[in-house]
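Observations on the three-dimensional arrangement
Listed here are the chains, written in short residue letters.
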Amino acid sequence: MEEIGKNEECPCGRGKKYKKCCKRKGIRWYRDDEGSYFSKCEASIPEEFLESFDQSQNRFYDLFGREPDPDDLVIYDAERHSNSYYKALIPLLRECGISESWIYAMYRTDGLMPNAMNEKYITQYDLDAFAAYIKEYEEIKDEIDHWGDKREEGELNVSVPALVMIGSKIIEKQIENIASSLTIGLNYFLNYQNKGRGDIEAVPCTLTEYVSFVAIRTTKTLNSISKLLEISEPGSIYALGRSLFESYVYLRAINCDTEFFSSKIFPSLSFNEYGFEIEDGIINYRKIKVDSLFGSSAPKRSNKDVLKFGDVCKKYGTDVDEELRSLFYRYACQFVHIDALTARSIFYEPDLYTEFDESLIAAACSLSMATILLEEFANLSITPNQQKADLLFLVGNLASDLCDCFMILVMDGEQSDEMYEVFLKRLLKVESNTWKRKEEYLAMREGGA
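Everything in this summary refers to the structure shown in the same document. (Residues numbered from 1 in each chain as written. Predicted model: local features only at pLDDT ≥ 70, side-chain atom pairs only at ≥ 80, totals over all residues. Heavy atoms only, no water.)

Unusually for a residue other than glycine, D110 sits at a positive phi of about 60 degrees. Summarising the element assignment, D110 is placed in the loop between helix 3 (100-108) and helix 4 (124-145). With a phi close to 55 degrees, S232 is a non-glycine residue in the positive phi region. Within the secondary structure layout, S232 lies in the loop between helix 7 (207-230) and helix 8 (234-256). (Helix = DSSP H or I, 4+ residues; strand = E, 2+ residues; numbered from the N terminus.)

Written out as structure tokens, the structure reads:
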């Protein structure tokens, strides 16, 4: 590679000779063997960063047992494969009072931060691009400001960036409220089923104990989803959503078949949950001491009685549940184990301004599973009538809020997923769901068809 000639046109795009443009500002342009240009600037590291730089180099030695050499990255510990840098930086810039248009331009120019101190080191081409992105954001902001007027006039068309900015805020707020409401609903259910603390000991031996165990587990799962949403871990949220789907299917089976718990669930619990038989001080892992806990009349399970989740879902689920198992459940299963099919999801980072955060989508899907699960808690034979009515009222409102979320996702025609439509179909099957935009959605679907 070699530096370009001083009388050549400067690659920055200003139309001036190199010697009178970037070269004068301390920016050096080079041409590689393939004819591509790249620049370097003669800028020194500010003194306030030198201490941090030294600490980073010392940390490298502590971690890897050697001094870094010239071929090592200066910033060797950054998550180069994710948006975590921008997701951490943008809130800090907002706290400092930086305008949203400037932040947008910074993101669009891969972290460019022009100011009075460093402008002389930045090409005019990059400065012009930064200014153009500021203008672009202002146009998007103007579209957002007039969004309400468009909706009142029946106009649903909106640019993708405006839709994502509007929709993300709505979905994020809805998800927070839904997760909190679900937890309250589950605790309300638990407090009526278990009057004291520590009522469940060892293996759940009754339907009340079993469904209480499922409810407690679900509250913990919801708490985990909220924490994972804060750190943007969609794969882990999907994995938890899978467990909610399983709990839903089994509770629905219990509600559809009065013998299901006693004939399928309870034998499974009694068979697996207790200790092993010890012979001459050696554990026999093939023989489980069921009788010592439940007595000789404890139900036994043969191989032909082994529960197969797919069969249970097909037999007791709604017609839409099979679609959910095919789309959502199988997709979520990929995140439970190391599966190469999830590679794109792991490495692909969505554009923060034109694509919805996958963590929000995962949360909306998983909370939908928790919502229909709560409906099954309400429909249990052991649930008092008044509590049943209360929980179904809550479920209806939550289903309606989730429909709003998926409606927004569906409106992004370029990135819409078949799974969103299936979740909408399932949420509309919730009897207490009185979603106000149902007709609007059906009309949009018909128009799209």
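Further notes follow.
For the coordinates displayed, the defined rule picks out 26 aromatic pairs. Aromatic rings pair up to connect Y238, F245, Y248, Y250, F309, F328, Y329, Y331, F335, F406, Y420 and F423 into one cluster. (Phe/Tyr/Trp six-rings, centres within 6.5 Å; stacked < 30°, edge-to-face > 60°.)

This brings us to the pairing of strand 2 (residues 27-31). Burial analysis of strand 2 places 4 of its 5 residues in the buried class, the great majority of the element. Where strand 1 (residues 2-3) meets strand 2, 2 bridges bridge the pair, whose relative direction is antiparallel. Bridge pairing links E3 to Y30 in strand 2. (Buried < 20%, exposed > 50% of the residue type's maximum accessible area, 1.4 Å probe, protein only. Pairing = 2+ DSSP bridges.)

On the secondary structure map, T219 appears in helix 7. T219 sits in the buried class, given a relative accessible area of 16%. Here T219 is in contact with L186 and N187, once residues within four sequence places are set aside. (Contact = heavy atoms within 4.5 Å.)

The next thing to look at is a positive patch on the surface. There is a patch of like positive charges on the surface, built from K6, R14, K16, K17, K19, K20 and R24. Tracing the sequence through the fold places K19 in the loop between strand 1 and strand 2. According to the relative accessible area criterion, K19 is partly exposed, its value standing at 34%. (Patch = residues over 30% accessible without salt bridge, like charges linked within 9 Å, V, L, I, M, F, W, Y side chains within 5 Å. Areas by Shrake-Rupley, 256 points an atom, 1.4 Å probe, with all protein chains shown as cover. Salt bridge = Lys/Arg side-chain N within 4 Å of Asp/Glu carboxyl O. Lys, Arg positive; Asp, Glu negative; His and termini not counted. Charge placed at Lys NZ, Arg CZ, Asp CG, Glu CD.)

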